[in-house]
Each structure stands twice: as C-alpha cells, then as structure tokens.
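Residue strings, one per chain:
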Amino acid sequence: MARRGKKKGRPISGWLVLDKPVGMGSTEAVSKIKWLFQAEKAGHAGTLDPLASGMLPIALGEATKTVPYVQDGAKIYRFTVAWGQERSTDDLEGPVTKTSDRRPSRAEVEALLAKYTGVIMQTPPQFSAIKISGERAYDLAREGETVDIPAREVEIGRLDIVEHDADHTMFEVECGKGTYVRSLARDMGRDLDCFGHVSELRRVEVEPFTQEDFVTIAELEAARFGAPDEGGEDAANATDAIETPIDFDAIDALLVDTAAALDCLPQIAISDDAATKIRLGNPVIIRGRDAPVEAEEACATARGKLVAIGAIEQGMFKPKRVFAG
C-alpha cells in the first residue's frame, strides 16, 4: 500500500499579530496559529517567554521571508519589577537567590533611569536563549551550571516609570533588538541595593505593528469555527474538524498584509511586465522622477502587491528575495 503524503497546508501568506496569553510558549503559539489557518509555513518574529503576554507577530507563508525586518524593529514593553528579591531566572519562574529588606523610593528609581537609557552594555540572564559553546544558556542553567555570558550592546530608546508603590515599580521601555527586560530588572535591583525581578511583563508593540493589530486566540477560534452555539468549542477540539471543507474567509481577514513588515524600506511601484521579469530573477530599469537611483534595500510592488526585495543600483532594481504572485 502506498503511503499517504503528508498534507502541506494552504499557501496562505500574511502577518498575524497575536495577543499571546500568559502560560503559552512562543513555539506553542506558532503551532496553534499554523493549525488554525491550516498554513503551509509559519514562524514568529521574536520569542516571548511563557510568563509574558502581549504581541507575538507570527508570519505565515511568504511573510516568513520578511521576519528579519520585524525582528529588527523597535519594541515596547510594560513590566513590573518586584523589589526585595533576586531570582535565578530574573522573573517569577525561578527560586529566590538573594533578598533584601530595603525598598527604593520613586525618586531613587527615577535617578537611575538615565543610566539605562541610550546605548548600554547588558549581560543576558543565565536562563536565556544565548548560545554558549553551541548550547543554549538556559539548558546549561537547568543542569546547574553557571556560565559566563559576555555583556553586549543594546539600545534603550526610553525608560519611564508608569506606577510606583512600596514594593513594586511598573515601567514602560522602548528598546531595540536583543534587549532583555529581565536583565534591566536584575541590574536596577543591584544598583539600588535592594534586588529585583520581573513579576509581570507585557509586550505592547513590535515595529511596525501596534496594539490596533492585536488578535486573540478566542477571536481566531470564533472566526475559524463560528460562535460557541454553532459548535465552536467542540469544533475547535475535534480532530476531524479540519478534514471537512471550511470557509477560511473570516479568519484570513484577520491577517495583516505581508508588505506591512517592509514599511521601513523605500517603496518602488512597478508595472506588471517588470514584475514578471523580477520574479524570474531579472533586474529592471526603475522609471519615474521620484525613484531613487541608489538604495541598498528597497521593496518593489505591482498593483499594491509585494513582488520583491532588492537593491537599486544605477537606476536598476536588482531582486534579492522574490515573493510569489
């Protein structure tokens, strides 16, 4: 008997800006979204810890080619630091390693903010995805090893106090790629001589997406399976629900267009004929008075649809990454 081929899924493309709930890992979230959309391909643009909630941009299909541009975008987090305890994971997950009876005043915390704004050196947490000699730091930490993780340069655009009480301070931070909020809490606690860890963390923005783009799991399931009185919950849990033909229009409407991830690049409008040539890997002449003569990276579109990412050299667009029509 011939083996049945594995289903490839739908060639659906776009960005799903998930409002990830606490308790769900990033990999689990991607699998859930891929299953709900029956997508051929999916990936996320920046891990969000299970204890954190908020924005997890998930790319489907052709949008996976634009993941690096979202990963490089600025991010905004709201987080609460609990003073008086340092923990092995720098959040609520790990055991307490250091304690202090001291608590900082709001004025003391405010006086520290300038030190953590701008380009700073930061040491990632022991429990992080940083690779040390080919192994993840969190795997080594779980085995009881203390590893020497080198400090690295990160950029903090702003760091503001939102609320402050005797035992906690809530912050909002706008930061660049590679910043660890847990490290901010740990280092500020040490500087204030009182220790600290993240007790709550929510990512509210990942450039270019905003909170207006948020979609919840509940909204996705309602769109995919209908309201509960139409069998939504039962359908969502049924293994054979995906075997029957389903109208995906409602859930597909929740996607953000793939090209939205490339707002940071110069946009070049091209003709259908030029799009055909580019999709075959050929360069084309860029016409129009406003077209740039040179650009290391630019985005070519035809009829508003993404065609390719490429370089513009001497008035010609040279494709580097082509998108299906």
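Here the structure is a predicted model, which is why all the values come from computation and not from measurement.

Criteria and cut-off values
Sequence order as written defines the numbering, with residues in each chain counted from 1. The model is predicted, so local features are restricted to residues of pLDDT at least 70 and side-chain atom pairs to those at 80 or more, both for listing and for counting; the totals for chains, interfaces and linings are taken over all residues. Note: side-chain values were computed over all heavy atoms of the structure, leaving out hydrogens and water. Aromatic rings from Phe, Tyr and Trp, with only the six-membered ring used for Trp, were paired whenever their centres fell within 6.5 Å, and each pair was classed as stacked if the ring planes differed by under 30 degrees, edge-to-face if by over 60, and tilted otherwise. Helix and strand labels come from DSSP, where a helix needs a run of H or I of at least four residues and a strand needs a run of E of at least two; each type is numbered from the N terminus. Think of it in three bands: residues with accessible area under 20% of the maximum for their type are buried, residues over 50% are exposed, and the middle band is partly exposed, with areas taken using a 1.4 Å probe on protein chains only. In this scheme, Lys NZ or Arg CZ marks a charge over a ring once it lies within 6 Å of the ring centre and within 35 degrees of the ring normal. pLDDT gives the predictor's per-residue confidence on a scale running from 0 to 100. Should any heavy atoms of two residues lie within 4.5 Å, those residues are counted as being in contact. Buried Ala, Val, Leu, Ile, Met, Phe, Trp, Tyr and Cys residues that are joined via side-chain atoms within 4.5 Å together make up what is termed a nonpolar core.

A. Structural view of the packing of aromatic side chains. For the structure on display, the rule yields three aromatic pairs. Summarising the aromatic geometry, the rings of Trp15 and Phe209 are spaced 5.6 Å apart at their centres and angled 50° between planes, so their arrangement reads as tilted. Within this pair, whereas Trp15 is found in strand 1 (residues 14-20), its partner Phe209 is found in the loop between strand 12 (196-206) and helix 6 (217-225), the two being separated by 194 residues in sequence. Pair check on accessibility: Trp15 and Phe209 agree, each one buried. Aromatic pair Phe79 and Phe171: ring centres 5.2 Å apart, planes at 20°, arrangement stacked. Remark: Phe171 occurs in strand 11 (residues 168-175) and Phe79 occurs in strand 4 (residues 75-83); sequence separation between them is 92 residues. Like Phe171, Phe79 is buried. One cation-aromatic arrangement involves Arg10 over Phe248; the distance from NZ or CZ to the ring centre is 3.8 Å.

B. Region of the structure containing the confidence of the model for the chain. Looking at the chain, pLDDT values average 88 and 86% of them are 70 or higher. Confidence drops under pLDDT 50 across residues 229-244; counting only partners more than four residues distant or on other chains, this segment forms 13 contacts.

C. Here's a closer look at the nonpolar core. Of all hydrophobic cores here, the largest spans 46 residues; its most connected members are Ile33, Phe79, Phe171 and Leu220. Per-element accounting of this core gives the leading share, five residues, to helix 1 (residues 26-37). Leave out the neighbours within four places in its chain, and Phe79 touches Leu159, Thr169, Met170, Phe171, Val173, Val181, Leu184, Met188, Val198, Glu200 and Leu201.

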